[in-house]
Amino acid sequence: MRRTATGLIVLMAALFLWSGRYLGEHPGWGYLHAFAEAAMVGGLADWFAVTALFRHPLGLPIPHTAIIPENKDRIADTMAGFLRDNFLTPAVVGRRMGSMNLAGAIGSYLADPKATKDSRIQAGAGELAVEVLESLDPDRLGTQVRSGIKTQLGKLEVAPLLGGMLEAMIADGRHKPLIDKIIRWAGLVLEDNEAMVREMVHRRANAVLRFTGLDERLANSVIDGLYKLLAEVLVDPEHPLRNKIEEGLEDLARGLRDDPVMQERVERLKNELLDNPAIGDWWQGVWERLRAGLIKSIRNSSDGTGPSYIGETLAELGAALRDDQRLQRQVNRFTRRTAVGVATRYGDQIVQLVSETVRRWDAVTITDRVESAVGRDLQFIRINGTLVGGLVGLTIHALDVYVL
């Protein structure tokens, strides 16, 4: 564009010289001569103006030229102030974010099958998740999570919560399968410990029973009676022992909810468990297995060797964001508050970063960057100046001939 604008001025200069040789032969040559003369002046004037923005024309230190290099610090401060006043004030950020449904737009994009099948999106999301998981310090994170769980559970009164859960189970009848499992478990325990029961009966029998061998029959009777009792309780929903178990559970639920002594015992047991180092070691192992499993699953999903968990997760997230208006409002509100918070806390730092970055540019750098951004339009100014100047010269010549 620079060569085009310069070539147009050269063309006007050649036309000016050529038409000047034939001024006396025909009046039309005068119009052409006037057009070329004014176009050449207009083009040169706009060349000077455009060049003066970035450098000294012809290298001459003419005052008020090389405007951008000479005033780059002031330009940096002006850009920073414009950015702060129009983009990074909390009121502006809040107003502009309030008119955007960012969650809905993201949801519609992620719910699109084409987006979720895009391997670049899946690979990018998977790599980000893997990097986050791998960058976490296992010991430090395990300690932090363990400390956080301990703190939160220490504040929580477990006994009333357990009592309420147990009462809800009894009210809904969900405790009955639990009782059946306890009875079956008791039967298995008895089966595994028959020898111990027999030994207990033998030790407590007197010498006469042992001499006559009745102790063995007594042990068999005790064991058979226990098996029979467990079977009857298991098959009879109205068995008295089952009712006693239910009454015991109801008493336990009431005690957990209302009895200060029982609540104190439960709290003491809870604190002892939380202070036990074995619990912390157990959590550490659970976290490490969970983290390793997540990393393996994500990598298999990203490279196509495993199920596409990432794509399915992104699609489900997108559908939820797209269809759930309440979720959209919550996400948009969170995003707006986050953006306003960033503008409030870091707006001045962002502005200062812009200003200092532009200030550090040398004259050549800032000139090249600005000229690369708007240089094409500036060359159009030169071309338009040449043509408009020619038309003005043509008009003046016509007025001089016909009016003056």
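In what follows, the structure referred to is the one given above.
What you see is a predicted model, and the numbers here were worked out from it, not measured in a lab.

The rules we used
- Residues numbered from 1 in each chain as written.
- Predicted model: local features only at pLDDT ≥ 70, side-chain atom pairs only at ≥ 80, totals over all residues.
- Heavy atoms only, no water.
- Helix = DSSP H or I, 4+ residues; strand = E, 2+ residues; numbered from the N terminus.
- Core = buried A, V, L, I, M, F, W, Y, C linked by side-chain atoms within 4.5 Å.
- Buried < 20%, exposed > 50% of the residue type's maximum accessible area, 1.4 Å probe, protein only.
- Contact = heavy atoms within 4.5 Å.
- Patch = residues over 30% accessible without salt bridge, like charges linked within 9 Å, V, L, I, M, F, W, Y side chains within 5 Å.
- Areas by Shrake-Rupley, 256 points an atom, 1.4 Å probe, with all protein chains shown as cover.
- Salt bridge = Lys/Arg side-chain N within 4 Å of Asp/Glu carboxyl O.
- Lys, Arg positive; Asp, Glu negative; His and termini not counted.
- Charge placed at Lys NZ, Arg CZ, Asp CG, Glu CD.
- Phe/Tyr/Trp six-rings, centres within 6.5 Å; stacked < 30°, edge-to-face > 60°.

> Describe unusual backbone geometry, listing the residues and the values that go with them.
Phi is positive for Leu 58, close to 60 degrees, though the residue is something other than glycine. With respect to the helices, strands and loops of the structure, Leu 58 is situated in the loop between helix H2 (27-54) and helix H3 (67-70).

> Quick one: what's the story with the nonpolar core, residue by residue and with numbers?
Of all hydrophobic cores here, the largest spans nine residues; its members are Ala 5, Leu 8, Met 12, Leu 15, Phe 35, Ala 36, Ala 39, Met 40 and Ile 383. Among the secondary structure elements, those contributing two or more residues to this core are helix H1 (2-20) and H2. Discounting chain neighbours no more than four positions away, the residues touching Ile 383 are Met 1, Thr 4, Ala 5 and Leu 8.

> Got a sec to walk through a positive patch on the surface? Specific residues and values, please.
Where like charges cluster on the molecular surface, the positive patch consists of Arg 326, Arg 329, Arg 333 and Arg 337. By the element assignment, Arg 329 lies in helix H19 (residues 325-360). Take Arg 329: its relative accessible area is 48%, and that puts it in the partly exposed class.

> Report on the packing of aromatic side chains, specifying residues and quantitative values.
Tallying each qualifying case throughout the model produces three aromatic pairs. Ring geometry for Trp 18 and Tyr 22: centres 6.0 Å apart, planes at 75 degrees, overall edge-to-face. Between Trp 18 and Trp 29, the ring centres sit 5.0 Å apart and the planes meet at 85 degrees, which makes this aromatic pair edge-to-face. Residue Trp 18 is found in helix H1, and its partner Trp 29 is found in helix H2; the two are separated by eleven residues along the sequence. Taking relative accessible area as the criterion, Trp 18 reaches 42% and is therefore assigned partly exposed. The rings of Trp 18, Tyr 22 and Trp 29 are connected pair by pair, giving a single aromatic cluster.

> Please give an account of the pattern of salt bridges that cites residues and values.
If you walk through the whole model with that rule in mind, you get four salt bridges. Put simply, Arg 254 and Asp 251 hold a salt bridge, and the shortest N to O gap is 2.2 Å. Linking Arg 254 with Asp 251, this pair stays in helix H15 (residues 240-258), spanning three residues, or about one helical turn. Judged by its relative accessible area of 44%, Asp 251 is partly exposed. Put simply, Arg 322 and Asp 323 hold a salt bridge, and the shortest N to O gap is 2.9 Å. One connected set of salt bridges, linked through shared partners, spans Glu 167, Arg 257 and Asp 258.

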